[in-house]
Amino acid sequence: MALPKEFHEIARRVNNWGRWGADDETGTLNLITDEVVRAAAGEVRTGRRVPLALPLRQDGVQTGVIPGRVDPLHVMVQLNQELFGPGTVACSDDVVTMGLQAGTHWDALPHVSHSGTLYNGRPADTVTAHGGAKFGGTDKMRHLVSRGVLLDVAGARGVERLAGGHAVTPEDLEAAEEFGRVRVRAGDVALVRTGQVRVYLAGDRHGYGHPSPGLSVRCPEWFHARDVAAVANDTLTFEIFPPEIEDLWLPVHALHLVEMGMPQGQNWNLEELSTACGETGRYAFLLSAMPEPFVGATGTPVAPVAVL
């Protein structure tokens, strides 16, 4: 089914192709300037560090619903092996096989395409089986440190978790700003808390993925107007699932990654951060969320840390 007129109208309004030049491969990460990072460092008051990644484990968030996206398979390839002879220092080594988007991760710009195109108008077939992404892979993201802002939508609504059918709207995002007495500004990384990860943490791997609250197709225009650098949340699919518009699958992915050139993250654990922000009354912080620079990859594991 072709993408509807409504989608293409939003796409035209949020499109960033050419904004940072015809050769640009990093999109909205260009908004994280030296000045933005210096200001972000000023958000640190106590030095309290809050980890935001889920543990990487063989029984992780992937249940087979997304083909090929496997949870980490961890094996030992050395066990206290004395490499240089008896009595020498012994080594233990590990190997992991996993989907790069299996756990807490960033989606890079070529993760999705629509209408045969990727960000900045590049052809979708520049992603190949042997070479991966020719343009815009995770190795091009290089660094991602900025001011983070927790938009605690669940907290603003007075609930631990949004209902599975809840589409997070721009009005929800603004209510979360008011709740946290904070305003999202250019170059920020917005972390949108729905509370959905609580389902996974309680042991329901299948219920975590479906049905799930998530971002509405209306949100990309809000992030575009604010010049947000990246967005992450605490769900498997990022956007509401099943979709709010019948048969329109992953429209927010396409608007963010293809049209805006804005990375997005999934499976972030924002529960401890929500508690910390509530205790301190501060919902902005220094965020370190460095991508692993896999050459040509369309996604990357990340172990983000918020510093309050």
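It should be emphasised that the depicted structure is a prediction, and the values quoted were computed from it without experimental measurement.

Caption draft 1: Layout of the overall build of the chain. Tallying secondary structure elements over the chain gives 9 helices and 15 strands in all. Scaling as 2.2 N^0.38, a compact globule of 308 residues should have a C-alpha radius of gyration of about 19 Å, and the chain matches this with 20 Å. Principal axes of the C-alpha set define a box for the chain whose edges measure 70 × 50 × 40 Å. The buried share among the 308 residues of the chain stands at 52%. Total accessible area on the chain stands at roughly 13800 Å², and carbon and sulfur atoms take up 54% of it. Positive and negative charge centroids in the chain, built from 26 and 37 side chains respectively, lie 5 Å apart.

Caption draft 2: A look at empty space enclosed by the protein. Overall, the coordinates contain 5 cavities of 30 Å³ or more when judged by the stated rule. Lining the largest cavity, in full, are Asp-24, Glu-25, Leu-109, Pro-110, Leu-118, Tyr-119, Arg-122, Phe-135 and Gly-136. A breakdown of the residues in the lining of the largest cavity according to their chemical character gives 5 nonpolar, 1 polar and 3 charged.

Caption draft 3: Examining unusual backbone geometry more closely. Pro-211 follows His-210 through a cis peptide bond whose omega is -10 degrees. Checked against the element boundaries, Pro-211 lands in the loop between α6 (205-209) and β10 (214-215). Note that the residue after Phe-241, namely Pro-242, is joined by a cis bond; omega there is 0 degrees. Looking at the element boundaries, Pro-242 is found in the loop between β11 (230-233) and α8 (251-260). Despite not being glycine, Asn-80 shows a phi value in the positive range, around 45 degrees. Note that Asn-80 resides in strand β2 (residues 73-82). By relative accessible area, which is 58% here, Asn-80 ends up exposed. Phi at Leu-250 takes a positive value of approximately 55 degrees, unusual for a residue other than glycine. Here Leu-250 falls in the partly exposed class, since its relative accessible area comes to 39%.

Caption draft 4: Seen up close, a nonpolar patch on the surface. On the surface, Leu-73, Val-75, Val-77 and Val-95 cluster together to form a nonpolar patch covering roughly 300 Å² of accessible area. Counting residues per element, the nonpolar patch draws most heavily on β2, which supplies 3 residues. Here Val-95 lies in strand β3 (residues 90-97).

Caption draft 5: Structural view of the state of the cysteines. In the structure shown here, the tally under the stated rule is 0 disulfides. No disulfide involves Cys-277; its nearest neighbouring cysteine sulfur is the one of Cys-219, lying 19 Å away.

Caption draft 6: Main features of the packing of helix α4 (residues 170-180) against helix α7 (residues 219-226). Between α4 and α7, the least distance of the axes is 8 Å, while the angle of their chain directions is 50 degrees. It follows that α4 is oblique to α7 by the angle criterion. Here α4 contributes Pro-170, Leu-173, Glu-174 and Glu-177 to the contact with α7, which in turn contributes Cys-219, Trp-222, Phe-223 and Arg-226. Among the residues making up the contact of α4 with α7, the classes are represented as 5 nonpolar, no polar and 3 charged.

Caption draft 7: Representation of the pattern of salt bridges within the structure. According to the stated counting rule, one finds 19 salt bridges in the structure shown. As a salt-bridge pair, Asp-59 and Arg-57 come within 2.7 Å of each other at their nearest N and O atoms. Between Asp-152 and Arg-193 there is a salt bridge, with its nearest N and O atoms 2.7 Å apart. Within this pair, whereas Asp-152 is found in strand β7 (residues 145-152), its partner Arg-193 is found in strand β9 (residues 189-193), the two being separated by 41 residues in sequence. Accessibility expressed as a relative area gives 2% for Asp-152, which makes it buried. By sharing partners, the salt bridges in this structure join Glu-43, Arg-147, Arg-185, Asp-188 and Arg-282 into a single network.

Definitions and limits used
Here the residue numbering is sequential within each chain, running from 1 through the sequence in written order. pLDDT decides what is reported in this predicted model: residues at 70 or higher carry local features, side-chain atom pairs at 80 or more are listed and counted, and totals for whole chains, interfaces and linings draw on all residues regardless. Excluded from the side-chain calculation are hydrogens and water; included are all heavy atoms of the structure. Counting from the N terminus, the helices are DSSP H or I runs at least four residues long and the strands are E runs at least two residues long. We compute the radius of gyration from the C-alpha atoms alone; for a globule the expected value is 2.2 Å times N to the 0.38, where N is the number of residues. Three labels apply to residues, based on accessible area from a 1.4 Å probe with only protein chains included: buried if under 20% of the type maximum, exposed if over 50%, partly exposed otherwise in between. Note on areas: Shrake-Rupley, 1.4 Å probe, and residue coverage restricted to the protein chains presented here. Here the positive residues are Lys and Arg and the negative ones are Asp and Glu; neither His nor the chain ends is included. Charged side chains are reduced to one point each, which is NZ for Lys, CZ for Arg, CG for Asp and CD for Glu. Buried and open spaces are told apart on a 1 Å grid over the protein atoms alone, a cavity being a set of points where a 1.4 Å probe fits but cannot get out and a pocket being an open set with protein on both sides within 12 Å along at least five of seven lines. Residues with an atom within 4 Å of a point are the lining residues. Grid points are joined across faces, edges and corners, and a volume is the space filled by probe spheres set on the points. Lys, Arg, Asp and Glu make up the charged group, whereas Ala, Val, Leu, Ile, Met, Phe, Trp, Tyr, Cys and Pro make up the nonpolar group; the residues left over, Gly among them, are polar. The patch calculation keeps residues exceeding 30% relative accessible area without a salt bridge and links them within 9 Å when they carry like charges or within 5 Å when they are nonpolar (Val, Leu, Ile, Met, Phe, Trp, Tyr). For this analysis, a salt bridge means a side-chain nitrogen from Lys or Arg found within 4 Å of a carboxyl oxygen belonging to Asp or Glu. By disulfide we mean two sulfur atoms from cysteines, separated by a distance within 2.5 Å. Axis definition: a line fitted to C-alpha atoms, over the contacting stretch in the case of helices. Angles run 0 to 180 degrees between N-to-C directions. Here the word oblique covers every angle except those under 35 degrees (roughly parallel), over 145 (roughly antiparallel) and from 65 to 115 (roughly perpendicular). Contact definition: two residues touch when any of their heavy atoms are within 4.5 Å.

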